[in-house]
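Structural characterization, general
Here are the chains, one letter per residue:
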Amino acid sequence: MPVAPLSQKEIEDRLAELPGWSLDGDRLRRSYRLASHTAATAMVVHIAQVQEELDHHSDLTLGYDTVSLSVHTHSAGGAVTAKDFELARRVEDLAPAHGAH
């Protein structure tokens, strides 16, 4: 089922509800800092499980004590859609359990 791109206003309104997330070009982005490499790795695995559940995947980068995401919707021509915000919200919800900030 096709997903419609969000307007700039819709993106701005939704970003206001997700502190730390930003629009960078045509993608939503967020980086998290964690206490250790092990904690960051555990968060990446948790995010990967959520992405599989949603069947919506971000570019996910693991650093020593950081996790970064970059996401847009390929099926919408690389635009930002509600699917991207659903993934962002789910990641925000799981981040505290990993001590991410």
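Here's a quick rundown of the structure. Here the structure is a predicted model, which is why all the values come from computation and not from measurement.

**Quick word on the overall build of the protein**
A tally of regular secondary structure across the protein gives 3 helices and 4 strands. Sequence-ordered secondary structure for the protein, helices as α and strands as β, is α-β-β-α-β-β-α. Computed over the C-alpha atoms, the radius of gyration of the protein is 13 Å, within 12% of the 13 Å expected from 2.2 N^0.38 for a compact globule of 101 residues. In terms of overall dimensions, the protein has a C-alpha envelope of 40 × 25 × 20 Å along the principal axes.

**Looking at helix H3 (residues 82–94)**
Helix length check: H3 (13 residues) gives 19 Å between terminal C-alpha atoms against 18 Å at 1.5 Å per residue, within 8%. The inward-facing, buried residues of H3 abut helix H1 (8–15), strand E2 (27–33), helix H2 (37–54) and strand E4 (66–71).

**Comments concerning the packing of aromatic side chains**
Under the counting rule described, the total for this entry stands at 0 aromatic pairs. If you follow Arg-30 out to its NZ or CZ, it ends over the ring of Tyr-32, 4.0 Å from the centre.

**Points about H2**
For H2, spanning 18 residues, the distance from its first C-alpha to its last is 26 Å, which sits close to the expected 26 Å at 1.5 Å a residue. Buried-residue contacts for H2 involve E2, strand E3 (59–62), E4 and H3. Directly after H2, the chain includes Asp-55, whose backbone phi takes a positive value near 50°.

**A short note on unusual backbone geometry**
For residues other than glycine, phi is negative in most cases, and the peptide bonds are mostly trans. Even without being glycine, Asp-55 reaches a positive phi, approximately 50°. With respect to the element layout, Asp-55 can be found in the loop between H2 and E3.

Parameters and conventions
- Residues numbered from 1 in each chain as written.
- Predicted model: local features only at pLDDT ≥ 70, side-chain atom pairs only at ≥ 80, totals over all residues.
- Heavy atoms only, no water.
- Helix = DSSP H or I, 4+ residues; strand = E, 2+ residues; numbered from the N terminus.
- Rg over C-alpha atoms; globule rule 2.2 N^0.38 Å.
- Expected span 1.5 Å × (residues − 1).
- Contact = heavy atoms within 4.5 Å.
- Phe/Tyr/Trp six-rings, centres within 6.5 Å; stacked < 30°, edge-to-face > 60°.
- Lys NZ or Arg CZ within 6 Å of the ring centre and 35° of its normal.

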